[in-house]
Amino acid sequence: MNLEKIMNDLEKKHPGEVEYLQAVREVLESLEEVVDQNPQFEAAGIIDRLIEPDRVLTFKVPWVDDNGKVHVNLGYRVQFNNAIGPYKGGLRFHPSVNLSILKFLGFEQIFKNSLTTLPMGGGKGGSDFDPKGKSDAEIMRFCQSFMLELWHLIGPETDVPAGDIGVGGKEIGFMYGMYKKLAREHVGVLTGKGLNWGGSLIRPEATGFGAVYFAQEMLGTKDTDFSGKTVAVSGFGNVAWGAISKITELGGKVVTISGPDGYIHDPEGFDVEKINYLLELRASNQDIVKPYSYEFPSAQFFAGKRPWEVKCDVALPCATQNELGKEDAENLVNNGCMCVAEGANMPSTPEAVDVFKKHKILFGPGKAVNAGGVATSGLEMTQNSMKIAWGREEVDARLHEIMKNIHNACVTHGTQEDGYIDYVRGANIAGFLKVANAMMDQGVV
Ligand code: NDP
């Protein structure tokens, strides 16, 4: 495989799509060897067909605010690859959303979904709409307008969106209501639904729980676990919340959370009372980070900074892409951090990943670590198809098993001669092989 030629051609075709190009390069770098060993992939143009999405749909989303003012946002759905199942991937509502970010997320989703072993292809979508500070009525009108375009493109056997940044249970509810009205059917077309209308237990906490189950397996390779470990977490959204709850349950102490404006360091750690207080703040759509540090005197707020300067044993970046750079990685390593597990998608820059690998600390990439969210979405789809609802323990046990299997797949494909486990390589190869072989079986389409 001629990586530089592929990347040069892709850059010419999609100039400025920085995140997408970064994600493709990261994956292809670890696939070079396996592609060279399997000339049938080259002959069938597997890489060329895999790195371009099947289709990208963009549409305008007009909506009216509470003062009668008209706004127009952009809506997107990137249907990347459906070789192993219907397109599947979240919707992100955030002002930073653009085509490059959604293509990077959709591309990553192909491999992540493959790793879960469930039949799901890769996709992603969203809008540059910012739900922050909007009334429920405004969010509802936006979601309805968004679905008015999206509903033609999706279906329980075609493309099944879910939540992501800025899209939680409320937004999924508003979108599902509109889909149901337009399609006149009550089916599992979205995941992350409410429990009363087709949702699965554990789905809200699944990404965070899954990330911790994966990190626990990583620590297990060094004969240790979360008990007594100090953990730095970034963000305080859906993923961070699930992760913090599970780490605390397993005896770890989470000492940081963060927002776009800075981070809180609480050396005493987060207990149930603190987590509940954070949840209240989150539900009231307020800023979380600053009010928390005022309420709990043990906590200190560091404006404009990231949590990676705090001494910790384990780090879980759970906020957003490229939130952990080279200097942050060096700080973590110098402070004795032994394990970094990505709860978010691509939170570490390539330079930061190089630092982790150079120092041979445990590093788990997002596509493996955070796959528990989409895996549980897959379990929600199964329950919808079977028209049954599993109990909490059953879903949790299945999630736990899936995360262990993903870890095993990474070990199988990523263990190097000196015993170091390159999880990036392991996850990319394991995810790729299943999709590539399915594409081979299905011909050039
Ligand atoms: P949320 O919107 O629930 O939370 C995101 C959190 O990150 C918020 O606390 C937000 O703060 C904070 N944040 C946003 N930008 C920054 C920044 N620049 N620096 C520091 N903090 C920031 O999203 P999710 O928890 O759902 O998603 C987080 C990450 O996990 C994303 O990368 C997402 O793609 C990934 N992911 C999510 C899955 C899911 O099931 N939800 C599944 C797999 C991956 P504030 O609210 O103040 O903006």
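Below you will find a few notes about this structure. (Residues numbered from 1 in each chain as written. Predicted model: local features only at pLDDT ≥ 70, side-chain atom pairs only at ≥ 80, totals over all residues. Heavy atoms only, no water.)

## Here's the deal with the overall build of the protein chain
What counts is decided by this rule: Counting from the N terminus, the helices are the DSSP runs of H or I reaching at least four residues and the strands are the DSSP runs of E reaching at least two. Buried means the residue's accessible area, taken with a 1.4 Å probe over protein chains only, is under 20% of the maximum for its type, while exposed means over 50%, and partly exposed covers the values in between. Whether two residues are in contact is decided by their heavy atoms, any of which lying within 4.5 Å being enough. Residue exposure ignores everything except the shown protein chains as possible cover, and the areas themselves are Shrake-Rupley values with a 1.4 Å probe. We treat Lys and Arg as the positive residues and Asp and Glu as the negative residues; His and chain ends play no part in the count. Charge positions are represented by NZ for Lys, CZ for Arg, CG for Asp and CD for Glu.
Scanning the protein chain for helices and strands turns up 17 helices and 12 strands. When the backbone C-alpha atoms are referred to their principal axes, the protein chain occupies close to 60 × 55 × 45 Å. Relative to its full complement of 445 residues, the protein chain shows a buried share of 55%. Excluding contacts between residues fewer than 6 apart, the proportion of contacts in the protein chain whose partners are at least 24 apart in sequence is 71%. In the form shown here, the protein chain has an accessible surface area of approximately 17800 Å², with 50% of it arising from carbon and sulfur atoms. Placing the 44 positive and 58 negative side-chain charges of the protein chain at their respective mean positions leaves the two points 4 Å apart.

## Observations regarding the site of the ligand
Stated formally: The rule for a residue being near a molecule or strand is that one of its heavy atoms must lie within 4 Å of it. Side-chain atoms alone can form a polar contact between residues adjacent in sequence; in general such a contact is a pair of N or O atoms within 3.5 Å, and within protein one must be able to donate a hydrogen while the other accepts it.
Close contacts around the ligand come from 23 residues, with Lys132, Asp164, Thr207, Phe236 and Asn345 the closest. Between an oxygen atom of the ligand and a main-chain N or O atom of Gly237, the distance comes to 3.3 Å. Measuring from an oxygen atom of the ligand, one finds a backbone N or O atom of Asn238 at 2.9 Å. Taking 890 Å² as the accessible area of the ligand by itself, protein coverage stands at 82%.

## A short note on the packing of aromatic side chains
The line we're drawing: Note on ring pairs: Phe, Tyr and Trp rings are taken, using the six-membered ring of Trp, and paired if centres are within 6.5 Å. Classes follow the plane angle, with under 30 degrees stacked, over 60 edge-to-face and the rest tilted.
The tally for this structure, following the rule as stated, stands at 19 aromatic pairs. For the ring pair Trp63 and Phe142, a centre distance of 6.3 Å and an interplane angle of 90 degrees mean the geometry is edge-to-face. One end of the pair, Trp63, is in strand β1 (residues 55-64); the other, Phe142, is in helix α6 (residues 136-150), and 79 residues separate them in sequence. Seen in terms of ring centroids, Phe93 and Phe146 are 5.3 Å apart; in terms of plane orientation they differ by 75 degrees. Their pairing is edge-to-face. Of this pair, Phe93 sits in strand β3 (residues 87-93) while Phe146 sits in helix α6, placing them 53 residues apart in sequence.

## Quick look at helix α1 (residues 3-13)
For an α-helix, 3.6 residues make a turn, and residues three or four places apart therefore share a direction. Selection criterion: The directions considered for the arc are those from the helix axis to the C-beta atoms.
Those residues of α1 lying buried are Leu3, Ile6, Met7 and Leu10. All buried residues of α1 project into a common sector of 95 degrees when viewed along the axis, lining one side. Against the buried residues of α1 lie α2 (18-37) and α4 (46-51).

## Considering the nonpolar core
Put simply, the rule reads: Buried residues of nine kinds, namely Ala, Val, Leu, Ile, Met, Phe, Trp, Tyr and Cys, make up a nonpolar core once their side-chain atoms join them within 4.5 Å.
Counting 61 residues, the largest nonpolar core has Phe214, Val233, Leu316 and Ile406 as the members making the most contacts within it. Broken down by element, this core gets its largest block of residues, nine residues, from helix α8 (residues 203-220). Among residues more than four places away in sequence, those in contact with Phe214 are Ala368, Val369, Met403, Ile406, His407, Cys410 and Tyr423. By size, the runner-up hydrophobic cluster in this structure holds 40 residues, among which are Leu31, Ala83, Phe104 and Ile110.

## Digging into the pairing of strand β8 (residues 262-265)
Spelled out, the test is: When DSSP locates at least two bridges between a pair of strands, those strands are taken to pair.
Relative to β8, strand β7 (residues 253-259) runs antiparallel, the two being bridged by four bridges. Counted as the bridge partner of Thr256 is His265 from β8. Across four bridges, the pairing between β8 and strand β9 (residues 300-303) is antiparallel. Bridged to Tyr263 within β9 is Phe302.

## Some thoughts on the pairing of β3
Residues in a regular strand point their side chains to alternate faces of the sheet. The condition is simple: Whether a crossover is right-handed comes down to one check: with the strands pointing away from the viewer, does the path from the first strand over the helix to the second run clockwise; if it does, it is right-handed.
For β3, a buried count of seven out of seven residues is recorded, marking the element as mostly surrounded by other parts of the structure. The sheet contact formed by β3 and strand β4 (residues 122-127) spans three bridges and is parallel. Each residue of the ladder has a partner; that of Phe93, found in β4, is Ser127. Note on the crossover from β3 through helix α5 (residues 99-115) to β4: the handedness is right-handed.

## Here we look at the side chain of Ser293
Mapped onto the secondary structure, Ser293 falls in helix α11 (residues 289-295). Exposure remark for Ser293: the relative accessible area of 9% places this residue in the buried category. Separated by 2.8 Å, the side chain of Ser293 and the backbone oxygen of Lys290 make a polar contact. In this structure, Ser293 is in contact with Ile264, Ala299, Gln300 and Phe301, ignoring residues within four places of it in sequence.

## Here's the deal with the sheet that holds strand β11 (residues 339-341)
Just so we agree on the cut-off: Each axis is a line fitted through C-alpha atoms, and for a helix only the stretch in contact is used; angles between axes span 0 to 180 degrees, taken between their N-to-C directions.
The strand order β9-β8-β7-β6-β10-β11-β12 describes an open sheet built from seven strands, whose pairing is mixed. Edge positions in the open sheet fall to β9 and β12 (362-364), since each of these has one partner strand only. Strand-to-strand, the axes of this sheet are offset by a mean angle of 15 degrees, without reference to chain direction.

## Here we look at the side chain of Glu19
The test is simple: Here, a salt bridge means any Lys or Arg side-chain nitrogen found within 4 Å of an Asp or Glu carboxyl oxygen.
Examined against the element boundaries, Glu19 turns out to sit in helix α2. Despite its burial, Glu19 remains without a salt bridge, the nearest opposite charge being carried by Arg92 at 8.5 Å. With near-sequence residues (within four places) excluded, Glu19 lies in contact with Ser100, Ile101, Phe104 and Met346.

## Some points on a negative patch on the surface
Note the cut-off: Patches in this entry comprise residues that are over 30% relatively accessible and not in a salt bridge; like charges within 9 Å are linked, as are nonpolar side chains (Val, Leu, Ile, Met, Phe, Trp, Tyr) within 5 Å.
Together, Glu268, Asp271, Glu273 and Glu295 make up a region of like negative charge exposed at the surface. Relative to the helices and strands, Asp271 resides in the loop between β8 and α10 (272-283). Given a relative accessible area of 34%, Asp271 falls into the partly exposed group.

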